Amino acid sequence: MTDKTSLKLNLSAGLLSSSVAFILVLAKLWALGATSSLAIAASLADSALDLMVSLGGLAAIAYAARPPDEDHAFGHSSAEDLAALGQSIVILASAALIAWGAISRLVAGPPGPIEQEGWGMAVMVLSIVLTVALVAWQRWVIRKTGNRVVTADSLHYLGDLIPSIGAILALLASKWFGMGQVDSVVALGAAAMLAVGATRIGKGAWDALMDRSAEPDMVAGIEKIAGNFPGVRGYHDLKTRTAGSVVFVNLHIELDGDQTLDAAHAIGAALRRDIIAAYPQTDVMIHKDPVGVEPHPDDPGKAPRH
């Protein structure tokens, strides 16, 4: 799959995510006015945050796709992590406000009955249907591109399904049994889920901004490719770092020093292609060293591996 095709798929996921969030914000605003349900208020706040997250993710995807320039020699992929970190802070603040409102209502005593539960449930069913359709498309895009922003957005929308279902249960409990307290309990659960999701997203973004290495499985996979590649006598100093949806790979390989420069270059280029084929979201740089040459004392590279 070409970079342009991946970009189009990622942008389509971002546009669909933003559109769904906007529709749900409007629908839940109306439902909140009709029902005064705190569970719907929590779901509305979640959808409003979804809209912010989706718009931020869409902007980050577009900006991160810009090619390297004089000021950003390694590209702009870290924009995705900056956006995710900011969004996680906003989500945590919203979760705290929702929890405070729910606790205040519980302390104040039994609330009055929720009005027009039927309309509220209809809006929440619409929310669930649209969310399931969106997640299905996002998961397909993820399988094709592996984009981290789309992956995080998809996980967030999957988490939205439980608060939406909980809001329906709260409305049913109020309609059938007059149990208005369920509304506040569901809101507390939704706030907890928001906090957990925001913490997870924020940690991932922070790790990437701090140049955290790639996942161990990926590192092991790259080592296996390099160690078994024809013409490569050994390798050392494998380093990785994550930035947005891109993993930067730096690898030293050891080659026969008697072969021509063209032959050495061909081996390195072929190895680079194989690594990218196995892990499409990588940016690979390969250094070629003659086999048997000891590293300089000031060279921080690791001992050769075969």
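Structural data are supplied above this passage.
Keep in mind that this is a model prediction, so the values were computed, not measured.

*Asks:* Which residues make up the overall build of the chain, and what are the values?
*Replies:* A tally of regular secondary structure across the chain gives eight helices and three strands. Within the chain, buried positions represent 44% of all 306 residues. Across the chain, contacts joining residues at least 24 apart in sequence account for 73% of those joining residues at least 6 apart. As displayed, the chain offers around 15700 Å² of accessible surface, 66% of which is attributable to carbon and sulfur atoms.

*Asks:* If you had to explain the pairing of strand S1 (residues 234-243) to someone new, which residues and values would you point to?
*Replies:* Of all the ten residues making up S1, eight are buried; the element is thus mostly covered by neighbouring parts of the structure. Here S1 pairs with strand S2 (residues 246-255) via eight bridges, running antiparallel. Following the sheet pairing, Ala-243 is matched in S2 by Val-246.

*Asks:* With reference to specific residues and values, describe unusual backbone geometry.
*Replies:* Even without a glycine there, the phi angle at Asp-237 is positive, about 55°. Mapped onto the elements, Asp-237 comes out in strand S1. Judged by relative accessible area, Asp-237 falls into the buried class, the value being 8%.

*Asks:* Just give me the short version of the sheet that holds S1, but keep the residues and values in it.
*Replies:* Strand order in the open sheet formed by three strands is S1-S2-S3, with mixed pairing between adjacent strands. Whereas interior strands pair on both sides, the edge strands pair on one side only; in this sheet they are S1 and strand S3 (282-290). Neighbour-to-neighbour, the strand axes of this sheet turn through a mean angle of 10°, independent of strand direction. Relative to S3, S2 is paired through nine bridges, and the arrangement is parallel. Of the residues in S3, the one forming a bridge with Leu-251 is Ile-286. Of the strands in this sheet, S2 and S3 touch helix H8 (residues 261-278), which is tilted by about 150° from S3.

*Asks:* Can you break down the side chain of Lys-28 residue by residue, with the values?
*Replies:* Note on placement: Lys-28 falls in helix H1 (residues 3-35). Within the structure, the side chain of Lys-28 is placed 3.4 Å from the side chain of Ser-127, a separation counted as a polar contact.

Conventions we followed
Residue numbers here run from 1 along each chain, matching the order of that chain's written sequence. A pLDDT threshold of at least 70 governs which residues receive local features in this predicted model, and a stricter bar of 80 or more applies before side-chain atom pairs are shown or counted, although totals over entire chains, interfaces and linings include all residues. Note that water and hydrogens are dropped before the side-chain values are worked out from all heavy atoms of the structure. For helices the rule is a DSSP run of H or I covering at least 4 residues; for strands it is a run of E covering at least 2, with both sets numbered from the N terminus onward. The cut-offs for exposure are 20% and 50% of the maximum accessible area for each residue type, with area from a 1.4 Å probe on protein chains only; residues under the lower value are buried, those over the upper are exposed, and the others partly exposed. Contact between two residues is taken to exist if any of their heavy atoms lie within 4.5 Å; hydrogens are not considered. Reported accessibility uses the Shrake-Rupley method at a 1.4 Å probe radius. Residues are deemed covered only where the shown protein chains occlude them. At least two DSSP bridges between two strands are required for those strands to pair. Helix axes use the C-alpha atoms of the stretch in contact, all axes being lines fitted to C-alpha atoms, and the angles between their N-to-C directions lie in the range 0 to 180 degrees. Identification of polar contacts relies on pairs of N or O atoms within 3.5 Å, with a donor-acceptor requirement for protein atoms, meaning one able to donate a hydrogen and the other able to accept it, and with residues adjacent in sequence counted only if both atoms are side-chain atoms.

Keep in mind these values describe shape, not function.
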